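Descriptive analysis of the structure
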Amino acid sequence: MSETLVAPRLGKTNGRGGGAAAAAQARASGSDPYAGKWMIAFGVVLASMMELIDTSIINVALPQMSANLGVTVDEVTWVSVGYILSAVIILPMTGWFAAYFGRRNYFLGSIALFTVASFFCGFAGSLGSLVFWRIVQGIGGGALIATSQAILFEAFPPEEKTLASAIFGIGIMIGPALGPTLGGIIVENYSWPWIFYVNMPFGLLALYMVFTYVPESKFRQAAGKIDILGFILLAVGIGSLQFVLERGQHYEWFDSSLILGLTVTAVLAVGTMIWWELRVADPVLNLRVLKDRSLAGGSMFAVALGAALYGSVFAEPLFMQLGLGYASQKTGWLLLPGA
């Protein structure tokens, strides 16, 4: 969120007039600060698409993974749940981590962690090992989208911010839609570990592009002291809520004491976290930025879009394969028109 906090200040100090004038002066002196914008755009959008494709590519492979690992389909869904749990916990913290480690360093580390974890996911021989490395992969992947958007916006001049947003939006929309198709082709012709191995060349390419072309942020903001209580409340609250949403149906919702307990935990932890983050001087999650009505409205729209897009991409492959008996590749091709 500290990434977002910087944006309003940039609008005042480096707006269209100031930013354009600075860029023109730099070009006149032979040093264009935006010279590498297209290479940066390629690298960061590639990293974002890699993460998004990986989120949905696994959905068509769950039945094959279940048979190969000797577990039920219900048990193998932990491969998806583990990734999502770690990703949604780390996502709100990315702004603070980017400020603490430096945006470029944090982004590079996240790509490297995601790529290494992808290899070990494919190499896993048991469900426990696979779920563990998916959790590690989620820690790396959760940072890629938010941090890449901040890097991309900084790489383009003020008058081209809309263009940067459009480039990023294309990757965000196409990535999850192509995942099931790619996954179906891979599972049908090879084996499920290759849905993870396929990340490695793209991860290495994204790592090279970011390392070569992305400079450290010009508007780097020093991180404040570590908000330990905020970290704990955020992890416990979001983690409990995500578990309830992911596994509630399996446990018959509130007929289960586990789901009921986690729901109460989520409400208390999230409520306390909101109260705390609005009062602490250096919050890990800066909720004050939601006073901007445009940002608040856009965030609500993003929630609705994400629920519809990612929910359908997860449910449809399982229905087609388990309910209708379609093969993985056929399922993938049927989902392709949505892209």
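Calculation notes
Residue numbers restart at each chain and count upward from 1, following the sequence in its written direction. In keeping with the model being predicted, local features are shown solely for residues with a pLDDT of at least 70 and side-chain atom pairs are shown and tallied solely at 80 or more, while totals for entire chains, interfaces and linings include all residues. For side-chain calculations, the full set of non-hydrogen atoms in the structure is used, while hydrogens and water are omitted. Numbering of helices and strands runs from the N terminus, with a helix taken as a DSSP run of H or I at least four residues long and a strand as a DSSP run of E at least two residues long. Only protein chains enter the accessibility calculation, which uses a 1.4 Å probe; a residue is then buried when its area is under 20% of its type maximum, exposed when over 50%, and partly exposed in between. Note on contacts: a residue pair is in contact if any heavy atoms of the two residues lie within 4.5 Å. The Shrake-Rupley method, run with a 1.4 Å probe sphere, supplies the accessible areas, and residue values consider only the shown protein chains as cover. Put simply, two rings from Phe, Tyr or Trp (the six-membered ring, in Trp's case) pair if the centres are within 6.5 Å, and we call them stacked under 30 degrees between planes, edge-to-face over 60, tilted for the rest. Scored between 0 and 100, pLDDT is the confidence that the predictor attaches to each residue. Only residues above 30% relative accessible area that lack a salt bridge enter a patch, with like-charged residues linked at up to 9 Å and the nonpolar side chains Val, Leu, Ile, Met, Phe, Trp and Tyr linked at up to 5 Å. A pair is scored as a salt bridge if a Lys or Arg side-chain nitrogen falls within 4 Å of a carboxyl oxygen belonging to Asp or Glu. Throughout, an axis means a line fitted to C-alpha atoms (over the contacting stretch in the case of helices), and angles, computed between N-to-C directions, take values from 0 to 180 degrees. Oblique is the label for any angle not covered by the other classes, which are roughly parallel (under 35 degrees), roughly antiparallel (over 145) and roughly perpendicular (65 to 115). Here is the rule for handedness: rotate from the far helix to the near one, and if that takes an anticlockwise turn smaller than a right angle the crossing is left-handed, while a clockwise turn gives right-handed. Residue type decides the class: Asp, Glu, Lys and Arg count as charged, Ala, Val, Leu, Ile, Met, Phe, Trp, Tyr, Cys and Pro as nonpolar, and the leftover types, Gly among them, as polar. Residues grouped as a nonpolar core are buried Ala, Val, Leu, Ile, Met, Phe, Trp, Tyr and Cys residues, joined through side-chain atoms within 4.5 Å. Taking the helix axis as origin, the arc is that swept by the directions to the C-beta atoms.

Brief notes about the overall build of the protein chain
Looking only at helices and strands, one finds 17 helices and zero strands in the protein chain. When each of the 339 residues of the protein chain is scored for burial, the buried share is 46%. Across the protein chain, the fraction of contacts at a sequence separation of at least 24, relative to all contacts at a separation of at least 6, is 79%. As presented, the protein chain carries roughly 16200 Å² of accessible surface, and 69% of it is formed by carbon and sulfur atoms.

Side note on the packing of aromatic side chains
Tallied over the full model, the rule gives 14 aromatic pairs. Taking 5.4 Å as the distance between ring centres and 90° as the angle between the ring planes, the aromatic pair formed by tryptophan 38 and phenylalanine 156 counts as edge-to-face. Residue tryptophan 38 is located in helix H3 (residues 37-57), and its partner phenylalanine 156 is located in the loop between helix H10 (144-155) and helix H11 (161-189); the two are separated by 118 residues in the primary sequence. By relative accessible area, tryptophan 38 is classed as partly exposed at 47%. Grouping aromatic residues by their ring pairs yields a cluster made of Phe119, Phe120, Phe123, Phe132, Trp133, Trp194 and Tyr197.

Focus on the environment of isoleucine 228
Relative to the helices and strands, isoleucine 228 is located in helix H14 (residues 228-247). Between the alpha carbons of isoleucine 228 and proline 283 there is a distance of 9.4 Å; along the sequence they are 55 residues apart.

Here's the deal with the confidence of the model for the protein chain
Reading fine detail from the predicted coordinates is not recommended where pLDDT is low. Confidence along the protein chain averages 78 in pLDDT terms, with 87% of residues attaining 70 or more. Taking the mean pLDDT of every element in the protein chain, the minimum, 40, falls on helix H1 (residues 2-13) and the maximum, 90, on helix H8 (residues 103-123). Scored below 50 in pLDDT, residues 1-30 shows 42 contacts in the model against residues more than four places distant or in partner chains.

Quick word on a nonpolar patch on the surface
A cluster of nonpolar side chains, Tyr100, Phe101, Ile226, Ile228, Ile232 and Val236, forms an exposed patch at the surface whose accessible area comes to about 570 Å². Elements with a minimum of two residues in the nonpolar patch: helix H7 (94-101) and H14. Within the element layout of this structure, isoleucine 232 appears in helix H14. In this structure isoleucine 232 comes out as partly exposed when scored by relative accessible area, which is 47%.

Things to note about the packing of H3 against H8
Across the interface, H3 lies against H8 with an axial gap of 12 Å and an inter-helix angle of 40°. By the angle class used here, H3 and H8 are oblique. Crossing angle aside, the handedness with which H3 passes H8 is left-handed. Between H3, through Val44, Ala47, Met50, Glu51 and Asp54, and H8, the contact on the second element is made entirely by Phe107, Ile111 and Phe114. Along the lines of polarity and charge, the residues of the contact of H3 with H8 split into six nonpolar, no polar and two charged.

Comments concerning the nonpolar core
Membership of the largest hydrophobic core comes to 26 residues, with the highest contact counts inside it found for Val44, Phe107, Ile111, Leu152 and Phe156. Among the elements of the structure, H3, helix H6 (78-90), H8, H10, H11 and helix H13 (199-213) are those that each provide at least two residues to this core. No other element matches the eight residues that H3 contributes to this core. Each residue touching phenylalanine 107, except ones within four places of it in the same chain, is listed here: Val44, Ala47, Leu144, Thr147, Ser148, Ile151 and Val210. Membership of the second largest hydrophobic core comes to 21 residues, among which are Val79, Leu127, Ile186 and Phe196.

Quick notes on helix H4 (residues 62-69)
Residues of H4 that are buried include every one of Leu62, Pro63, Met65, Ser66 and Leu69, and no others. Summarising the axial view, the buried residues of H4 lie within an arc of 165°, below the 170-degree limit, and thus occupy one face. Exposed residues pointing more than 90 degrees away from the buried face of H4 are listed as Ala67 and Asn68. Of the residues one or two after H4, glycine 70 is the one with positive phi, at around 70°.

Quick word on the side chain of serine 66
Within the secondary structure, serine 66 is located in helix H4. Ignoring anything within four residues of it in the chain, the contact list for serine 66 reads Val71, Thr72, Val73 and Val76.

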